[in-house]
Amino acid sequence: MASVTAEDIKCELDTFNIAFNNDTVDKLLEQCLCHRLGGEEIVCEWFAFSSSREQLPLTLENLDQFEHEILNKKKKPKGSSKGIQFNKTRDINSIQELIRAEEEEESLLDSYSTPAKGSQKRALTTPEHPQSKRGVARLASPSLLLSPASFSSSATPSQKYGMRSGRGEVVSSFGAVQGPRWTGKGWSAVRVELLEEGENSLISSYKYMFQRLRDVRDVLTEKIEELGEELRSHFNIEEFSPVSLPVQDSITVLGQVCCDSNGKLNAQSVLLEAGQEQGGRLVPVNLSELKEFSLFPGQVVVMEGMNPSGEKFVATKLYEVSLAIVSEPVMVMMACGPYTPSESLTYDPLIDLITIINKDRPDVCILFGPFVDSKHEQIEKNQVTETFENIFKRCVDSIVEGTKGSGCRLVFVPSQRDVHHHYIYPQPPFSLTNLSKDDSARVTLAPDPCTLLIGNVTFGLTSTDIVFHMGAEEISSGTGTERFSRIMKHMLTQRSYYPLHPPAEEVNMDYDKFQQFGQMNLTPDILIVPSELRYFIKDVIGCVCVNPGRLTKGQVGGTYGRLLIQPNPVLVEGKRVSPCIAGQVVKI
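Conventions and cut-offs
Residues numbered from 1 in each chain as written. Predicted model: local features only at pLDDT ≥ 70, side-chain atom pairs only at ≥ 80, totals over all residues. Heavy atoms only, no water. Helix = DSSP H or I, 4+ residues; strand = E, 2+ residues; numbered from the N terminus. Buried < 20%, exposed > 50% of the residue type's maximum accessible area, 1.4 Å probe, protein only. Areas by Shrake-Rupley, 256 points an atom, 1.4 Å probe, with all protein chains shown as cover. Patch = residues over 30% accessible without salt bridge, like charges linked within 9 Å, V, L, I, M, F, W, Y side chains within 5 Å. Salt bridge = Lys/Arg side-chain N within 4 Å of Asp/Glu carboxyl O. Lys, Arg positive; Asp, Glu negative; His and termini not counted. Charge placed at Lys NZ, Arg CZ, Asp CG, Glu CD. Pairing = 2+ DSSP bridges. Axes fitted to C-alpha atoms, helices over the stretch in contact; angles between N-to-C directions. Contact = heavy atoms within 4.5 Å. Phe/Tyr/Trp six-rings, centres within 6.5 Å; stacked < 30°, edge-to-face > 60°. Polar contact = N/O pair within 3.5 Å; in protein donor to acceptor, adjacent residues only side chain to side chain. Parallel < 35°, antiparallel > 145°, perpendicular 65-115°, else oblique. Nonpolar A, V, L, I, M, F, W, Y, C, P; charged D, E, K, R; others polar. pLDDT = per-residue confidence, 0-100.

A. Here's a closer look at the overall build of the protein chain. Assigned secondary structure in the protein chain consists of 16 helices and 24 strands. Buried residues in the protein chain amount to 53% of all 588 residues. Summed over its atoms, the accessible surface of the protein chain is roughly 26400 Å², and 50% of this surface lies on carbon and sulfur atoms.

Here's what the structure looks like:
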């Protein structure tokens, strides 16, 4: 199938005289990628669906209904899946087409402005958002060696990134929108530390690729039993019955959600895998009696229902619960790689971020990988003049040296897309042996995932794109507008940084270490989950969840996040008050 772009879909929509906006075009493009459809084909399908329902308008909510009722039930063409019949929607590479389409869309919108207006827009400056002056000359220290020519013989600055619009624009807000001052104190005494130290924290590399299938089974069984015991105690359930037990009365069962094939989970393909204590059987589940549900593979659930024949469980109730364990503001900034545009190994976006850190002086800055992106075209083709390790070292040296005057505490979190680092999940932290004593005091090297304490506020961090992976697998009776909240709620209630099973193809899971380091031992106050999907800040069952987006999206600039938190949260009437005062996602 030829690649589909946003412009293709817009042309088809215009042909049918269908009103649309950028969000609905993005949603149609995402559905094209997930269901392997062309632009003309999906618009024709929508037109037929809309016409059969009295000209249903094109909205995000209606598109979710369209996907649920039409696209999920369509059989893929036989020729399109030859040799790749297994599910490929979870592969992060598929999102690159969406990114390219968004770049073309931004470029198209910019082209409608006259040269005079366009140049005026780029020349506008404010005290808070000064005009960016590109080049290595602006770096404060000679040790900031981010010269593009030194990394690749063909490196040239990105024109699209340099001509981007909306610099400093706030695109998402949370909490106190008016009033907060987005500056830190500089040289803050706020403490940054891993929640668990010693053997309970992943602080160094480990041997992997030695796990046995029996060990994987034991980890998954223990997860079912531990969460099952929590749920049984919370709902005062006397005991769980075997899901395959043929009975005419209503019973309560415990198990893990599975799919009956290698395809995408849907309402007709749900299986429930019981724990060993309940017989360990796999039984199909009928969800038609449930008013609403949200399920994904690997989810541990408690259901009530009947199984008259012993062959199929008819669910009538799905138990849901949040298993939460429950001065001056501190400013926390966060950004996620890639830190270069897709067509060039110039680190201009990172240089801009360093400038913002020095201007706003946040107390803490959390930087997620990839720093040297394995998906970058020049990295994939090995068109570099230095080793990947050396590029990473100079990148980190530039960040540490360039922010030294701000006193900002730095947290580095690796990514499985970091080409020089261990390709395993959970992922050990970076090793930086060349830091001075003073620099080491303000730098924290964290694993992926991890739980941090910043001023006694708990932060859950993961650079693995669980939002995209679960978004491709989750089935729900709800609307698409609630999808991000549902995914965050699943992570929190499953008490896991990666509850999806089996994992996406690019996640190289070590189950023994995952059991030890990939669980949430408590519900964090703030959960940061960078993703290729749209940025957001949401309060989900008492936890503020943030997707700051990525610093670059293809050839154009992306976004970063910032939070104002109240350290040492207090209890009011026995309940912990959210320490997050305000949050924003901002264009770089």
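B. The arrangement of a negative patch on the surface in detail. A contiguous patch of negative charge, built from E222, E225, E226 and E277, is present on the exposed surface. For E222, the location among the structural elements is in helix α9 (residues 213-234). On the basis of relative accessible area, E222 is assigned to the partly exposed category, the value being 35%.

C. Highlighting the sheet that holds strand β8 (residues 313-319). Pairing is mixed in the closed barrel, where 5 strands are placed in the order β3-β4-β5-β8-β7. With strand direction ignored, the average angle separating the axes of adjacent strands in the sheet is 55°. Two elements, strand β3 (residues 247-259) and strand β4 (residues 270-273), share 4 bridges in a ladder whose sense is antiparallel. Pairing of C258 across the sheet is with L271, part of β4. Against the sheet, α9 touches β3, β4 and β7 (300-307), its axis set at about 135° to β3.

D. Geometry of helix α14 (residues 466-473). Counted residue by residue, α14 has 8 buried out of 8 residues, so it is predominantly covered. All of the buried residues along α14 are I466, V467, F468, H469, M470, G471, A472 and E473.

E. Inspection of the packing of aromatic side chains at higher detail. All told, the structure shown has 14 aromatic pairs when counted by the stated rule. Aromatic pair F371 and F392: ring centres 5.9 Å apart, planes at 70°, arrangement edge-to-face. Of this pair, F371 sits in the loop between β10 (364-368) and α11 (377-380) while F392 sits in helix α12 (residues 388-402); the two residues are 21 residues apart in sequence, bridging distant segments of the chain. Side by side, F371 and F392 carry an identical accessibility label, which is buried. Every member of this aromatic cluster is reached through a ring pair, and the members are Y339, F371, F392, F412 and F430.

F. Spotlight on the side chain of S344. Take S344: it is sitting in the loop between β9 (330-336) and α10 (348-360). Among the residues examined, S344 registers a relative accessible area of 0% and is labelled buried. Of note is the side chain of S344, whose polar atom sits 3.1 Å from the side chain of T346.

G. Just the pairing of strand β13 (residues 450-454), in detail. With 5 of 5 residues buried, β13 lies mostly within the body of the structure. Bridge count between strand β2 (residues 192-194) and β13: 3 bridges; the pairing is antiparallel. From the neighbouring strand, L194 faces β13, where its bridge partner is L452. Of the strand pairs in this sheet, β13 and strand β14 (residues 457-461) are connected by 5 bridges, and their pairing is antiparallel.

H. Structural view of the packing of α14 against helix α15 (residues 483-493). Contact geometry for α14 and α15: axes closest at 10 Å, N-to-C directions at 105°. Regarding the angle of α14 to α15, the classification is roughly perpendicular. Residue-level inspection shows I466, V467, M470 and G471 of α14 in contact with α15, the latter providing R483, F484, I487, M488, H490 and M491. Looking at side-chain class alone, the contact of α14 with α15 contains 7 nonpolar, 2 polar and 1 charged residues.

I. Region of the structure containing the side chain of Q584. In this structure, Q584 sits in strand β24 (residues 580-587). Side-chain polar atoms of Q584 contact the side chain of R562, separated by 2.7 Å. Ignoring any residue separated from it by four or fewer positions in sequence, one finds Q584 in contact with V170, S172, S173, W182, I537, Y560, G561 and R562.

J. Just the sheet that holds β13, in detail. The sheet built from 6 strands is open, its strands ordered β2-β13-β14-β16-β18-β17 with mixed pairing. The strands lining the two open edges of the sheet, one partner per strand, are β2 and β17 (536-540). Adjacent strand axes in the sheet meet at a mean angle of 25°, parallel and antiparallel pairs treated alike. Across the sheet, α15 touches β16 (526-528), β17 and β18 (543-547), and the angle it forms with β17 is around 55°.

K. Main features of the confidence of the model for the protein chain. Summary statistics for the protein chain give a mean pLDDT of 81 and a share of 80% for residues scoring 70 or more. Mean pLDDT across the elements of the protein chain bottoms out in helix α6 (residues 115-123) (40) and peaks in β10 (97). Per-residue pLDDT stays below 50 along residues 76-95; that stretch engages in 36 contacts with residues further than four places along the chain or on separate chains. pLDDT under 50 marks residues 111-144. Its contacts with residues more than four places away, or in other chains, come to 39 contacts.

L. Up close: the environment of P308. Among the secondary structure elements, P308 is positioned in the loop between β7 and β8. Residue classification places P308 among the partly exposed positions, given a relative accessible area of 41%. For the pair formed by P308 and S244, sequence separation is 64 residues and the distance between their alpha carbons is 9.4 Å. Excluding residues that lie within four positions of it along the chain, P308 makes contacts with P246, V247 and Q248.

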